[in-house]
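Architecture and fold: a report
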Amino acid sequence: MASKKIGLISLYYKNYSLWSMFKAKNLSPQKLAGFTALVLSAIMAAGCLLIGANYKETLIAFALTFLVAYYLYLYTLQNFIYRKIKLIYKFIYQTKASKREDFFNKNILPLKTIDEVSEDVEKWASQKKEELDNLRRNEAFRKEFLLNLSHELKTPIFAVQGYIHTLLDGAIEDPTVNKMFLKNATKNIDRLCRLIDDLDEISKLESGEMTINKEIFVIQDLVKDVFDTLSIKAKQKEIKFSIKKGCEAPVHVYADKEKIRQVLINLIENSVKYGKPDGQTIASIYNMDGKRVLVEISDTGIGMAEEHLPRVFERFYRTDRARSRDIGGTGLGLAIVKHIVEAHDQTINVRSKIEVGSTFGFTLELGKDN
């Protein structure tokens, strides 16, 4: 009785192990062919015994059936599977196969396991998902850019149109307003010209057409030159320019002097535009690691909320559209600054707090004379 129970248990576990093997997700074609050949061989052997064949004939029939069934089924299965896999790879790569790829498809691909193919397909799917996400982000950015560009162009164009139509309707004969209207129209035309110039410059920077002519110069001297250039604007708001104490010692940098002048003019001019009366604009220069120099322009102005900081270098992005447009500017200044700094293979960042002020910092390559 006990032996009968043991036999039933062992038979159960054998059947369970065979069934679990058959249900396995990673069942190879060889295992599947072997399992199928074994079943067919067993049926053949049972048939031989039923018709009265002896054990030797039954064993030969079993072996022959197993071998023929195994190789026939394996060949058919592999051809079917790898034809499908080949189609999958053609779909993934979407290119006409070269001689090298034909060799891969005939000799290397059949050696790949289903798991390896699955991994390749998952990688491809992940790449495609990333590409689609990038396309969606770019599409959203393009729509926002075109909307902003349209708005920036319409504002001065409509203003000029309004002044000119008013003059043509009779205001040109009125000496008290005709000159004022012409001056206002001129201001808007100048703004439109600056916008077009900035768009042209940023497109050249993005396409890599603009060359960077590096030279060694003292960064403090350039900062002082920009301070002098913008001194009249600063005096109008009683904003004081200075270089931070301890940063006066000359530091040589290796960069395009005129491009960095443009960066400094933009950052320092912004510190004046958004600065508070009787405020300060302070330039700081730090030798970071013997290879790079950190230049920071800090102000005591109105500052920016934290949520705006990741986007301030985007084209036409304004933290306060109404106030920014009243102050002036094309909305492209910081985008141009970022492109110039990145064209030097350097980085730029910003720190800010509302009613405390902002600090823009960018790195430059340290000059060999230091």
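All of these numbers come straight from a predicted model, not from anything done at the bench. (Residues numbered from 1 in each chain as written. Predicted model: local features only at pLDDT ≥ 70, side-chain atom pairs only at ≥ 80, totals over all residues. Heavy atoms only, no water.)

**A short note on the side chain of His344**
To be explicit about the condition: Segments assigned H or I by DSSP are reported as helices when at least four residues long, segments assigned E as strands when at least two residues long, and all are numbered from the N terminus. Only protein chains enter the accessibility calculation, which uses a 1.4 Å probe; a residue is then buried when its area is under 20% of its type maximum, exposed when over 50%, and partly exposed in between. Think of a polar contact as two N or O atoms within 3.5 Å of one another; within protein, one of them needs to be a possible hydrogen donor and the other a possible acceptor, and neighboring residues in sequence only count if both atoms come from side chains. Note on definitions: a residue-residue contact is assigned when non-hydrogen atoms from the two residues lie within 4.5 Å.
The residue His344 is located in the loop between helix H11 (333-343) and strand E6 (348-353) in this model. For His344, a relative accessible area of 3% gives the class buried. A polar atom in the side chain of His344 sits 3.0 Å from the backbone nitrogen of Asp256. When residues no more than four places from it in sequence are discounted, the contact partners of His344 are Ile212, Lys214, Ala255, Asp256, Lys259 and Ile260.

**A few points about the confidence of the model for the chain**
Atomic detail in the predicted coordinates should be set aside for any region of low pLDDT. Under the convention used in this document: For every residue, the predictor reports its confidence as pLDDT, a number between 0 and 100.
Here the chain shows a mean pLDDT of 78. Residues at 70 or above account for 74%. The lowest-confidence element of the chain is helix H1 (residues 2-23), averaging 42 in pLDDT; the highest-confidence one is strand E3 (residues 252-255), averaging 95. Ignoring residues within four places in sequence, the model shows residues 1-22, a span with pLDDT below 50, making 6 contacts including any to other chains.

**Some details on the packing of helix H7 (residues 219-229) against helix H9 (residues 257-273)**
Just so we agree on the cut-off: The axes are straight lines fitted to the C-alpha atoms, using for helices just the contacting stretch, and the angles between their N-to-C directions are given from 0 to 180°. By the definition adopted for this analysis, an angle is roughly parallel if under 35 degrees, roughly antiparallel if over 145, roughly perpendicular if from 65 to 115, and oblique otherwise. Put simply, a crossing is left-handed when the front helix is turned counterclockwise from the back one by less than a right angle, and right-handed when it is turned clockwise. Three categories are distinguished: nonpolar for Ala, Val, Leu, Ile, Met, Phe, Trp, Tyr, Cys and Pro, charged for Asp, Glu, Lys and Arg, and polar for the others, with Gly belonging to the last.
At a closest axis distance of 10 Å, the pairing of H7 and H9 adopts a crossing angle of 50°. One way to sum up the angle between H7 and H9 is to call them oblique. At the point where H7 passes H9, the crossing takes the right-handed sense. Counting all contacts with H7, which are made through Ile219, Leu222, Val223, Asp225, Val226 and Phe227, the residues of H9 involved are Lys257, Ile260, Arg261, Leu264, Ile265 and Ile268. Tallied by class, residues from the contact of H7 with H9 come to 9 nonpolar, no polar and 3 charged.

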